[in-house]
Amino acid sequence: MHIMEGFLPPEWSILWYLLSVPVVIYGIFRIKKITEEYPESKPLLAVSGAFMFVLSALKFPSFITGSCSHPTGNGLGAILFGPAVASVLATLVLIFQALLLAHGGISTLGANIFSMGIIGPLFAWLIYRGSQNAGLSLAISVFLAAFFGNLMTYVTTAIQLSLAFPLPSFGSALSNFMLIFAVTQIPIAIGEGILTVIIIEMLVQIRPDIFERLNIFKIKSVEEPIIEASK
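Residues numbered from 1 in each chain as written. Predicted model: local features only at pLDDT ≥ 70, side-chain atom pairs only at ≥ 80, totals over all residues. Heavy atoms only, no water.

Student: Could you give an account of the overall build of the chain, naming the residues involved and the relevant values?
Tutor: Scanning the chain for helices and strands turns up eight helices and zero strands. Within the span of the chain, comprising 231 residues, buried residues form 53% of the whole. With an accessible surface of roughly 10000 Å², the chain has 75% of that area assigned to carbon and sulfur atoms. (Helix = DSSP H or I, 4+ residues; strand = E, 2+ residues; numbered from the N terminus. Buried < 20%, exposed > 50% of the residue type's maximum accessible area, 1.4 Å probe, protein only. Areas by Shrake-Rupley, 256 points an atom, 1.4 Å probe, with all protein chains shown as cover.)

Student: Explain the nonpolar core to me, using residue names and the numbers behind them.
Tutor: Residues L8, L44, L80, F81, V85, V142 and I200 are the most contacted members of the largest nonpolar core, which totals 51 residues. Every element with two or more residues in this core is listed here: α1 (10-37), α2 (41-56), α3 (74-81), α4 (83-100), α5 (109-133), α6 (138-164), α7 (170-206) and α8 (208-214). Per element, the largest residue contribution to this core is ten residues, and it comes from α5. (Core = buried A, V, L, I, M, F, W, Y, C linked by side-chain atoms within 4.5 Å.)

Student: Please give an account of unusual backbone geometry that cites residues and values.
Tutor: Of the consecutive residues L167 and P168, the connecting peptide bond is found in the cis state with omega at -5°. Note on placement: P168 falls in the loop between α6 and α7. Phi at A102 is positive, roughly 55°, even though this residue is not glycine. On the basis of relative accessible area, A102 is assigned to the exposed category, the value being 62%.

Pasting the structure below:
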């Protein structure tokens, strides 16, 4: 998913920065409010960020120049704290990966934040909330959220690349990018969904008191994520 340094034309790099920065700024205010009201949330924030960093650092060939396939890890933070907070976690992850691992880039940071830190978490959060409201189990809700959060990240990346390089047309380029990504990304998304379910269930078993205090969801009926933090 990470679009490599210098791959996008300058005008597109600037546009994605302009779209991403306001969301990240809002996310910073959300983190400040959450940590002030719920100091117990700090370990979960750290776990969410570390989960995203480790998973998204695992690169697999996507058979396409300028990008790669990998898990995103953005579903966990979106489920626990909402999409705005996940955008801040993704920004930190992407900056460190660009500077330390040469994974992604600074010129393409805005585009990568928009796909992995904004659109992916937004869909993950919406799907999780919708699944819980529909009465689905925690495991199924988390799996669907992480699965589609991953896939929508790559759909967004495909759109970004198609807009920048509409050859021979936007529609044709989008079809090509989507088909190329699908070969590796669908199996990766399934694996990420399963892993996210395992992580959530482990966290609940190890420290159910934190989830109860934060009101992320009810331990017995498992109904909803943080009410205030996700608004």
